[in-house]
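# Fold and contact review
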Amino acid sequence: MKNKFKKNKIVSLLLVISLSLAGCTDGDLNGNFWKDFERTIEEIVERGTEIIQDVSDYVEKAWENLEDMMNGTKPDEVQTSEGSPEKNSYLDQYRSRAIEDAFSVIPKNYEFTFDGDAEAYILKRLNDYRKENGLEPLELRADLTQSAKYKSLAMLQYDYFSHDNPNLDGKSFDYLLWEVLKLSYTSIGENLAFFGDSSQMNQIEAEELFLGWKNSPAHNEQMLNPYHQYVGIGIVRSDQSGPYFKGYRVLIGTQHFGG
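Now for a look at the structure at hand. For clarity, every value in this text was computed on a predicted model and none was experimentally measured.

## Observations concerning the overall build of the chain
Per the secondary structure count, the chain includes 7 helices and 6 strands. Secondary structure elements of the chain occur, N-terminal to C-terminal, as β-α-α-β-α-β-α-α-β-α-α-β-β. The burial tally for the chain puts 38% of its 259 residues in the buried class. In the chain, once contacts between residues fewer than 6 apart in sequence are set aside, the share between residues at least 24 apart is 72%. When the accessible surface of the chain is totalled, it reaches about 15900 Å², and 52% of it is carbon and sulfur.

In structure tokens form, the structure reads like this:
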């Protein structure tokens, strides 16, 4: 279990377009001056047209996003990366280009599946558990879900289990969420769990992950943190694994919290 807090960042963008005409003497007000002046005006018009087109494209895109929101699509559900997903993409849609770029460099060492049913089960168990303790339920967020999927998958493919990330020079989960994946939450938290089984007889149930978190004081405290507002859950199943997981079939789960 890990918690991190971050100061709010305010980013301002100032676009300045400057134009100047050099001074001229009375003797210049004929011949080449007017030709130069005409060329200057043509360049201004050309540049202005390009700028107007850029602004028009931006407004059009913003209007499309606004229409999606008015039609019931949350901002978290809007695909921000351009073009259709690649055939070997880990996800059908990516919440942001930063998340897509992070997924793109994960190696494909072991076959796996993301278990959506298990993720939904953990979410329900988590919010029921919070309700039992007089707390508000957590809102599922697409960006936190994708960051949690990334973490679970990275631990399988890079063969490790830790809040620190050896694929990121050993930096902690806050660096992953804030600097690599570019999430904007003021506070974040991370719960990790896995179960391995050398037998192929029975499926490892998601309840095992939840009970592992519930029975650990630090992880339980994370799930019952009253300051958390949002959550994402990522669960990976694989019949193969690396030396850290003893080559067993594994169920790896991550909870990412935001506030």
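From this point, the narrative continues.
## Description of the pattern of salt bridges
Inspection of the entire model under this criterion finds 7 salt bridges. Of the charged contacts in the structure, one is a salt bridge between Glu190 and Lys151, with a shortest N-O distance of 3.7 Å. Residue Glu190 is located in strand S4 (residues 187-197), and its partner Lys151 is located in helix H4 (residues 142-158); the two are separated by 39 residues in the primary sequence. Each member of the pair, Glu190 as well as Lys151, is classed as buried. In this structure, the salt-bridge partner of Arg249 is Asp197, at a minimum N-O distance of 3.3 Å. One end of the pair, Arg249, is in strand S6 (residues 249-258); the other, Asp197, is in strand S4, with 52 residues separating them in the sequence. When its relative accessible area of 25% is taken as the criterion, Asp197 is described as partly exposed.

## Brief notes about the side chain of Thr254
Mapped onto the elements, Thr254 comes out in strand S6. A distance of 2.8 Å separates the side chain of Thr254 from the side chain of Ser152, its partner in a polar contact. Once you skip the residues sitting within four places of it in the chain, Thr254 turns out to touch Ala148, Lys151, Ser152, Met155, Glu190, Asn191, Leu192, Trp213, Gly232, Ile233 and Gly234.

Rules of the game
Residues numbered from 1 in each chain as written. Predicted model: local features only at pLDDT ≥ 70, side-chain atom pairs only at ≥ 80, totals over all residues. Heavy atoms only, no water. Helix = DSSP H or I, 4+ residues; strand = E, 2+ residues; numbered from the N terminus. Buried < 20%, exposed > 50% of the residue type's maximum accessible area, 1.4 Å probe, protein only. Contact = heavy atoms within 4.5 Å. Areas by Shrake-Rupley, 256 points an atom, 1.4 Å probe, with all protein chains shown as cover. Salt bridge = Lys/Arg side-chain N within 4 Å of Asp/Glu carboxyl O. Polar contact = N/O pair within 3.5 Å; in protein donor to acceptor, adjacent residues only side chain to side chain.

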